[in-house]
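# Notes for the structure review
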Amino acid sequence: MDRRGNGHTVAATLEEALRILRCDALAAYYRLVREMNGLSVTFDVEGELFSLHCADAELHLQPLPADATVFVQATRKTILALIDGKADMMDCVTMGKLNVWGDVRLLPNISRACIAFADGAIRSRQMRTLLTSFRSDTAPKEAGQSCNQSFLQETADRDWAPST
Amino acid sequence: MKDIRQILDIVDRPHLPPPGAPGRSSFKEWFHFTLTDVQHDADIIANVSLSGDVTRAGMATADVIALCHRPSHGWSGSIDSYEAAAASLNAERLSLKLSGNRVEYVDGAYQLAIHLRDEEFSLTARLVPRASPMLIWNDTPIGSGHLNWLIVPALSASGRIALTDTAISFTDALAYHDHNWGQWKWGDDFGWEWGTLMAPAQDAGQTALVFDRTTDRDGRQVLEQTLGVWHNGTLAKLFTRQMIRARRFGRFEGRIPRLPGPARLIEWGQVLEIPIEYRISARDADDWIDIDYRIDGALQVSVPTDFGFGVVGLNETVGNCTVRGEFGRTAVEFVTRGCFEFMA
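To start, this report covers the structure provided alongside it. (Residues numbered from 1 in each chain as written. Chains lettered and ligands numbered in written order. Predicted model: local features only at pLDDT ≥ 70, side-chain atom pairs only at ≥ 80, totals over all residues. Heavy atoms only, no water.)

## Regarding the interface of chain B and chain A
Each partner contributes residues to the interface: chain B has 35 residues there, and chain A has 31 residues. Contact between chain B and chain A buries roughly 2,800 Å² in total, counting both sides, with carbon and sulfur atoms accounting for 57%. When the area that chain B buries against chain A is broken down by residue, the three leading residues are Asp118, Leu265 and Phe309 of chain B, summing to 25%. The tally of links between chain B and chain A comes to five salt bridges. The partner of Asp118 of chain B in a salt bridge is Arg128 of chain A, with the nearest N and O atoms 2.8 Å apart. Of all the elements in the fold, those that place two or more residues in the side of chain B that touches chain A are β3 (60-70), β4 (74-83), α2 (263-266) and β20 (287-304) of chain B. It is β4 of chain B that contributes the most residues to the side of chain B that touches chain A, nine residues altogether. (Contact = heavy atoms within 4.5 Å. Buried area = accessible area lost by both parts, 1.4 Å probe. Salt bridge = Lys/Arg side-chain N within 4 Å of Asp/Glu carboxyl O. Helix = DSSP H or I, 4+ residues; strand = E, 2+ residues; numbered from the N terminus.)

## Some thoughts on the pairing of strand β15 (residues 222-231) of chain B
Residue and element names in this part refer to chain B. Summarising burial for β15: seven of the 10 residues are buried, a large majority. Looking at chain direction, strand β14 (residues 208-215) and β15 are connected through eight bridges and run antiparallel. Bridge pairing links Val210 to Gly228 in β15. Connecting the antiparallel pair β14 and β15 is a turn made up of six residues, with Gly219 showing a positive phi of about 80°. Strand direction decides the pairing type here: β15 and strand β16 (residues 234-240), joined by six bridges, are antiparallel. Across the sheet, the residue bridging to Val229 is Lys237, located in β16. In textbook terms, the turn of a hairpin is the stretch between consecutive antiparallel strands, and for β15 and β16 this stretch comprises two residues, one of which, Asn232, has a positive phi near 50°. (Buried < 20%, exposed > 50% of the residue type's maximum accessible area, 1.4 Å probe, protein only. Pairing = 2+ DSSP bridges.)

Here it is as structure tokens:
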């Protein structure tokens, strides 16, 4: 697997996020489980491949299965843009920065699962520490600039402007 | 004015629930400040709050909200969350310390130090009260809970704010402070709108106005509303209930960011409920006030609801106010900056 900085892969970060969610926001965790039940979502984040599988009311990260029901492709930068509120799902999909393949009938479940995850995340204080680690592994600091700079800087807007 | 400052030394203190108090899990208390630096076109909002059962470790949070709006740059700032046990409070007077943040009342002035953890945002300010406070300690019902508040409608602020791209030193900036406490649940059947503004110059007699309205969750049924008018440091007029009409017009179509960022993953799409204009008219015999507030900056602070899933939106706005009126044979007319909040 791709390991950077302090060694936080996207898979390891997601695994830790699920543990935190279960600890800090149990209701959100079980709502996530309910929506994901029976699904196997394969992620490709800049070449790092892993799969999230849900069965028997538990979420497990595992090596790439052969029977993935949903496939998601994104970059770390896109993930952070979504977390930071710089971009929304529709922006990312229409700009080709977030790709989702699967049976269209599963989209409502995926959508509700994402909402449950985010709802639990903003109720959790531990999640912030994890995000800081993920961010430091993702965005190298530029001289004199915090890597978690203002959420509304024009530079960020330019990054997310549709290409012409 | 000296008496006012002595009064605040006593009344503006924490109101933490004692251990075992009923409803302590829905306890909330916050210290809110707005500052307007007309010279540098900067509107600043600073809020330090406690939420939850502060009598038990791990059962409450302490949040620091720090925002700055400049027309040329938009919004800067963020929300920092802490375990409430990290907050150090003095029960007898206002002295709240939380990591590198500090809210104190010392020698007749508020001392504010706000430093965000992950973003270049540092605010230090000394705020001197310029008008008598108003204490509304009547357990105003909001949903199944209640709210109390202390208003200091006009202060003079001096200090410095450092952001990623600039640092601004300000002197005699217009400021407002309120302190709220009570027990309520976000998402319960209540809503509110409130706003504050001050005349920009001494020749307007340091007129300050504070409007508040509580409603049902949809904002359709008005429960209580007041418009307080301070002039030359004292409360000159209080319009209440049927004396007041307030109405929204249009929709603010500028960019409206949400904080924290993941809130945008919970409620998709844009924030649509912020008006472009808000008009308040108050009439009582010969006294009258008209306020026309035009919004030029808006941001939503999303608070997780206490009822299941989802968030409650606290829409913070800044803009220009045109104020005209007459109270107690004193006529006022001025244009200034204002800061209003609309709960969604």
